[in-house]
Amino acid sequence: MSALVIAALLLLAWAPAAAAQTRGGVFRPKNSESMPLPQLGSALYDANCASCHGGDGRGITSTNRPPGSGDVKGLGPSLRGVGALAVDFYLRTGYMPLDDPHSEPERRRVQFSDREIRAVIRHVDSFEPGPPVPRPSPESGNLAEGLKLFTEHCAGCHQVVAQGGVVTGARVPPLEDATATQIAQAVRIGPYLMPKFSEKDISDSELDSIVAYVLKSKHPDDRGGWGIGSVGPIPEGIVTWFLAATAFLGLVAVIGKRAGS
């Protein structure tokens, strides 16, 4: 048996012991629970992120593949300087890691534990430090101001009731599962096709108001009756007329049957 074949067999025998792939497709070291955070972050990043973002976090933008969904060029952008602000958002929403780098990220089950997320953040920050996770204070916000700001900056895609929708080249997610922190992160990051807003565009106090409004929109006050998902007066009116017409036809049928007997 040649030395090359022996080396290949040894490599195959070693690989399962070094890392395990979870059902969700994430690779993690076998001894991840006992590894120090720096080593754990490096191992998780190399196994799950480096193929798109590069081993040094500079991204992989040079590729012969055509631009993907949302005109994404290459496999992944640079992560240098994005900090915990972005890494925490993408990992805690389940947006990352992606099975296909050219598909649109969607909220799904979180693939990493809290400790693993902190480890990956620490490793990405070692490339070039970036902004921390924001700490919004929605209790300090103003709902009326939040409605005004959300209508002006966000409702065009997310609808005024934050139920999401569809725009050219993307599906806009509803915000019903977004936490206060994730709402603030999205505003500052601008994930996928969403524009990002700096503190010059939207101040921290204004951001608190937006977060307060979005959280309030999850539990609307339907004083007028049946909200039907708060999708708007026209669809709600159509449903109302449909139910009324069905009830009216049923009543006519009953009256006609009795009149003919």
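For clarity, every value in this text was computed on a predicted model and none was experimentally measured.

Visitor: Explain the packing of helix α4 (residues 83–92) against helix α5 (residues 114–127) residue by residue, including any values.
Guide: In helix packing, the relevant descriptors are the interaxial angle and the interaxial distance, both defined with respect to the helix axes. Packing of α4 against α5 brings their axes to within 9 Å, and their N-to-C directions diverge by 145°. The two elements α4 and α5 meet at a crossing, and its hand is right-handed. Along its contact with α4, which presents G83, A84, V87, D88, L91 and R92, the element α5 presents D114, I117, V120, I121, V124 and D125. A breakdown of the residues in the contact of α4 with α5 according to their chemical character gives 7 nonpolar, 1 polar and 4 charged.

Visitor: Now, about the packing of aromatic side chains: what can you tell me, with residues and values included?
Guide: Under the counting rule described, the total for this entry stands at 5 aromatic pairs. On the numbers, 5.3 Å between centres and 85° between planes, the contact of F89 with Y90 is edge-to-face. Residues F89 and Y90 agree in their burial class; the two are buried. Where F89 meets Y95, the ring centres are 5.6 Å apart and the plane angle is 90°; that geometry is what we call edge-to-face. Exposure remark for F89: the relative accessible area of 5% places this residue in the buried category. Classification of Y95 as buried rests on a relative accessible area of 11%. Site record: aromatic cluster; members linked through ring pairs are F89, Y90 and Y95.

Visitor: Can you break down the pattern of salt bridges residue by residue, with the values?
Guide: Scanning the model with the defined rule gives 10 salt bridges in all. The residue R92 makes a salt bridge to D88 at a minimum N-O spacing of 2.5 Å. With R92 and D88 both in helix α4, this residue pair falls 4 residues apart, about one helical turn. Classification of D88 by relative accessible area gives buried; the value is 8%. Residue D114 is joined to R118 by a salt bridge in which the shortest nitrogen-to-oxygen separation is 3.1 Å. Residue D114 and its partner R118 are located together in helix α5, separated by 4 residues, close to a single helical turn. The class of D114 is partly exposed, set by a relative accessible area of 41%. Among the ionic contacts, a cluster of salt bridges with common partners joins D88, R92, D114 and R118.

Visitor: Provide a residue-level description of the environment of I60, including the pertinent values.
Guide: Secondary-structure assignment places I60 in the loop between α3 (50–53) and α4. According to the relative accessible area criterion, I60 is partly exposed, its value standing at 25%. Sequence-wise, I60 and L75 are 15 residues apart; in three dimensions their C-alpha atoms are separated by 5.4 Å. Setting aside chain neighbours within four positions, we find I60 in contact with A50, S51, C52, H53, G54, G74, L75 and G76.

Visitor: Could you give me a rundown of the packing of helix α8 (residues 180–189) against helix α9 (residues 204–217), with the residues and numbers involved?
Guide: Two elements in contact, α8 and α9, have axes separated by 10 Å at closest approach and are oriented at 130°. Here α8 is positioned oblique relative to α9, judged by the angle of their axes. Handedness of the crossing formed by α8 with α9: right-handed. Counted together, A180, I183, A184, V187 and R188 of α8 and D204, L207, V211, V214 and L215 of α9 form the full contact between these two elements. Its residues assigned to classes, the contact of α8 with α9 comprises 8 nonpolar, no polar and 2 charged.

Visitor: An account of the confidence of the model for the protein is requested, with residue identities and associated values reported.
Guide: The predicted coordinates ought not to be read in detail in places where the model reports low pLDDT. Residues with a pLDDT of 70 or more make up 78% of the protein, whose mean pLDDT is 83. Of the regions scoring below 50 in pLDDT, residues 3–19 engages in 9 contacts with residues more than four places distant in sequence or in other chains.

Cut-offs applied
Residues numbered from 1 in each chain as written. Predicted model: local features only at pLDDT ≥ 70, side-chain atom pairs only at ≥ 80, totals over all residues. Heavy atoms only, no water. Axes fitted to C-alpha atoms, helices over the stretch in contact; angles between N-to-C directions. Helix = DSSP H or I, 4+ residues; strand = E, 2+ residues; numbered from the N terminus. Left-handed = near helix turned anticlockwise from the far one by under 90°. Contact = heavy atoms within 4.5 Å. Nonpolar A, V, L, I, M, F, W, Y, C, P; charged D, E, K, R; others polar. Phe/Tyr/Trp six-rings, centres within 6.5 Å; stacked < 30°, edge-to-face > 60°. Buried < 20%, exposed > 50% of the residue type's maximum accessible area, 1.4 Å probe, protein only. Salt bridge = Lys/Arg side-chain N within 4 Å of Asp/Glu carboxyl O. Parallel < 35°, antiparallel > 145°, perpendicular 65-115°, else oblique. pLDDT = per-residue confidence, 0-100.

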